[in-house]
Amino acid sequence: MSKAYLILENGASFEGEFFGAEGNITGEVVFATSMTGYLETLTDPSYYGQIVVQTFPLIGNYGVIPSDFESDQIKVSAYIVNYNCQAPSNFRTEGSLGNFFKRKNIVAISGIDTRQLTKIIRDNGVMNGKITTTPPTDQDKEEAKAYTIKNALEKVSYNEKVIYGRGNKRRVALLDYGAKKSIAKNLTERNCEVHSFPYNATIKEIMEINPEGIMLSNGPGDPNSPENSEVINTIKQLQETNTPIFGICLGHQLLALANGYKTEKLKFGHRGSNQPVQDLSTGRVYISSQNHGYAVVCDKSSFVNVNDKTCEGIEYENAFSVQFHPEANGGPYDTTFLFDKFIKMMDLKNSQKAS
């Protein structure tokens with residue numbers, strides 16, 4: 001295998017080996033703490049523009065299983081692991097990660113001290129980096145420093161409407177900001193016909209289907225980016241219709257911005273399937289799956305992160321949102337009951353209309 005190099009914008013550098021496609025790539029370097037679920041991570045649109053570092057040392061042991069994907073394509077910019085398993089063992093596997101990355105032209109490197117790399121990010125905060133085929137130079141460091149994620153929603157959202165669970169009882173409008181497949185799956189399993197709209201759908205287009213509920217999906221990028229202003233304005237208009245709304249991850253952040261709250265960038269974010277959140281109404285703690293680098297600044301949270309007390313959920317009139325992922329493939333599933341809460345909101349609204 002050929003040598004690979006990573007340089008961070010602060011000048012720290014690492015040497016490893018390519019096990020996917022070989023090439024030069026720049027992105028925001030983030031770490032994910034999940035022990036399993038690497039396929040869901042690789043195909044989660046929320047990771048668009050990012051070079052993902054897995055903290056668990058062995059990755060690839062169950063190979064590539066397309067039915068576990070959360071979107072049709074790999075969304076990460078590049079992938080970094082300590083040790084790549086070249087002989088996966090699983091009855092569903094369709095090959096190794098390395099061969100898959102080569103076919104999809106995704107840069108991936110192994111042999112990096114991911115523990116040291118993660119500690120640098122934890123101590124200094126998330127920073128950009130560049131993977132190179134030759135020993136990095138000062139120019140590579142400057143290129144890394146200058147990198148920004150642009151037009152994130154445009155890059156990950158489907159550009160046409162898609163319907164899932166056609167003929168089911170309840171009609172839900174899903175606004176696709178980079179939606180994971182598991183969101184639509186959880187809704188269709190609860191007898192919903194899901195109409196998935198592009199991120200820039202207008203209020204007129206959305207309300208034409210007469211939705212009983214509106215789902216705001218996860219997605220990548222800075223929620224407060226100027227390019228999201230029209231999206232936020234559309235959410236404001238949707239709230240005025242009094243249709244029940246449920247927001248997840250970026251959807252949670254955009255809904256908060258539509259209601260006058262602010263967002264802030266976290267030092268190194270929450271990424272992994274072992275993030276504890278507390279329901280402030282009951283005191284109960286749930287283990288959640290998360291993937292975000294920004295948080296809502298709020299003094300009326302419904303959920304908070306146990307580790308750093310950041311906002312993990314907000315209740316509104318006819319709407320609620322959470323920062324974590326209740327759909328959570330590949331787990332944990334502690335908070336899937338929030339989909340049931342959304343269903344109850346829609347059914348109550350329908351019964352009020354009927355009476």
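See the structure shown above.
Structural notes, computed from the coordinates.

Rules used throughout
Residues numbered from 1 in each chain as written. Predicted model: local features only at pLDDT ≥ 70, side-chain atom pairs only at ≥ 80, totals over all residues. Heavy atoms only, no water. Axes fitted to C-alpha atoms, helices over the stretch in contact; angles between N-to-C directions. Helix = DSSP H or I, 4+ residues; strand = E, 2+ residues; numbered from the N terminus. Parallel < 35°, antiparallel > 145°, perpendicular 65-115°, else oblique. Contact = heavy atoms within 4.5 Å. Nonpolar A, V, L, I, M, F, W, Y, C, P; charged D, E, K, R; others polar. Buried < 20%, exposed > 50% of the residue type's maximum accessible area, 1.4 Å probe, protein only. Pairing = 2+ DSSP bridges. Salt bridge = Lys/Arg side-chain N within 4 Å of Asp/Glu carboxyl O. Polar contact = N/O pair within 3.5 Å; in protein donor to acceptor, adjacent residues only side chain to side chain. Phe/Tyr/Trp six-rings, centres within 6.5 Å; stacked < 30°, edge-to-face > 60°. Lys NZ or Arg CZ within 6 Å of the ring centre and 35° of its normal.

### Focus: the packing of helix H8 (residues 229-239) against helix H9 (residues 250-258)
Then step 1. With their axes 9 Å apart at the nearest point, H8 and H9 run at an angle of 75 degrees to one another. Overall, the two elements H8 and H9 adopt an arrangement that is roughly perpendicular. When H8 is examined against H9, the residues Val231, Ile232, Ile235, Lys236 and Gln239 are found in contact with a partner set consisting of Leu254, Leu255, Leu257 and Ala258.
Then step 2. A class-by-class count of the residues in the contact of H8 with H9 yields seven nonpolar, one polar and one charged.

### As for the environment of Thr310
Then step 1. Mapped onto the elements, Thr310 comes out in the loop between strand S17 (301-305) and strand S18 (311-316).
Then step 2. On the basis of relative accessible area, Thr310 is assigned to the buried category, the value being 11%.
Then step 3. Considering only alpha carbons, one finds Thr310 and Phe342, 32 residues apart in sequence, at a separation of 23 Å.

### Details of the sheet that holds strand S11 (residues 170-176)
Then step 1. The mixed open sheet is built from ten strands, whose spatial order is S10-S12-S11-S13-S14-S19-S18-S17-S15-S16. Both edges of this open sheet fall to strand S10 (162-164) and strand S16 (285-297), since each of them pairs with a single strand only. When the angles between neighbouring strand axes are averaged without regard to direction, this sheet yields 20 degrees.
Then step 2. In the sheet, S10 pairs with strand S12 (residues 192-198) via three bridges, with the strands oriented antiparallel. Within the sheet, the bridge partner assigned to Tyr164 lies in S12 and is Val194.
Then step 3. Along the sheet, H9 contacts strand S13 (213-216), strand S14 (245-248), strand S15 (262-279), S16, S18 and strand S19 (319-322); its crossing angle with S18, the most-contacted strand, is approximately 55 degrees.

### Structural notes on the pairing of S15
The side chains of a regular strand alternate, first on one face of the sheet and then on the other.
Then step 1. In terms of strand pairing, S15 meets S16 through eleven bridges, oriented antiparallel. When the sheet's bridge partners are listed, Glu264 is paired in S16 with Ala295.
Then step 2. What sits between S15 and S16 in their antiparallel hairpin is a turn of five residues, with Gly283 showing a positive phi close to 85 degrees.
Then step 3. Relative to S17, S15 is paired through three bridges, and the arrangement is antiparallel. Within S17, the position partnered with Gln278 by the bridge is Val304.

### Structural notes on the sheet that holds strand S2 (residues 13-18)
Then step 1. As summarised here, the arrangement of the seven strands in space is S1-S2-S8-S6-S4-S3-S9, forming a closed barrel in which the pairing is mixed. The mean angle between the axes of side-by-side strands here comes to 35 degrees, regardless of whether they run parallel or antiparallel.
Then step 2. Looking at chain direction, S2 and strand S8 (residues 107-110) are connected through two bridges and run antiparallel. Across the sheet, residue Phe18 finds its bridge partner in S8, namely Ile109.
Then step 3. Along the sheet face, helix H4 (residues 138-146) touches strand S1 (3-8), strand S3 (25-32) and strand S9 (127-132) and points at about 135 degrees away from the line of S9.

### A short note on the pattern of salt bridges
Then step 1. Counted under the stated rule, the structure contains 13 salt bridges.
Then step 2. One salt bridge in this structure joins Asp140 and Lys130, with 2.8 Å as the shortest N-O distance. Here Asp140 is found in helix H4, whereas its partner Lys130 is found in strand S9, with ten residues between them in sequence. Exposure class is identical for Asp140 and Lys130. Each is buried.
Then step 3. A salt bridge links Arg190 to Asp340, with the shortest nitrogen-to-oxygen separation between them at 2.7 Å. Highlighted residues: Arg190 in the loop between helix H6 (181-188) and S12 and Asp340 in helix H10 (residues 337-354), separated in sequence by 150 residues.
Then step 4. With relative accessibility at 34%, the residue Asp340 sits in the partly exposed group.
Then step 5. Taken together, the salt bridges that share partners define one network made up of Lys130, Asp140 and Glu143.

### Quick look at the side chain of Thr243
Then step 1. Summarising the element assignment, Thr243 is placed in the loop between H8 and S14.
Then step 2. A polar atom in the side chain of Thr243 sits 2.9 Å from the side chain of Thr241.
Then step 3. The residues touching Thr243, leaving out its near neighbours within four places in the chain, are Met207, Pro211, Glu212, Gly213, Ile214, Leu238 and Asn318.

### Notes on the packing of aromatic side chains
Then step 1. By the definition in use, this model includes eleven aromatic pairs.
Then step 2. Arranged with centres 4.4 Å apart and planes meeting at 20 degrees, the rings of Phe246 and Phe320 form a pair that is stacked. Note that Phe246 is positioned in strand S14 and Phe320 in strand S19, a separation of 74 residues in sequence. In terms of burial, Phe246 and Phe320 fall into one category: buried.
Then step 3. Pairwise contacts between aromatic rings join Phe19, Phe69, Tyr79, Phe100 and Phe101 into one cluster.
Then step 4. Positioned above the aromatic ring of Phe320 is the side chain of Lys341, whose terminal nitrogen or guanidinium carbon lies 4.4 Å from the ring centre.

Geometric descriptors of this kind do not, in isolation, establish any biological role.
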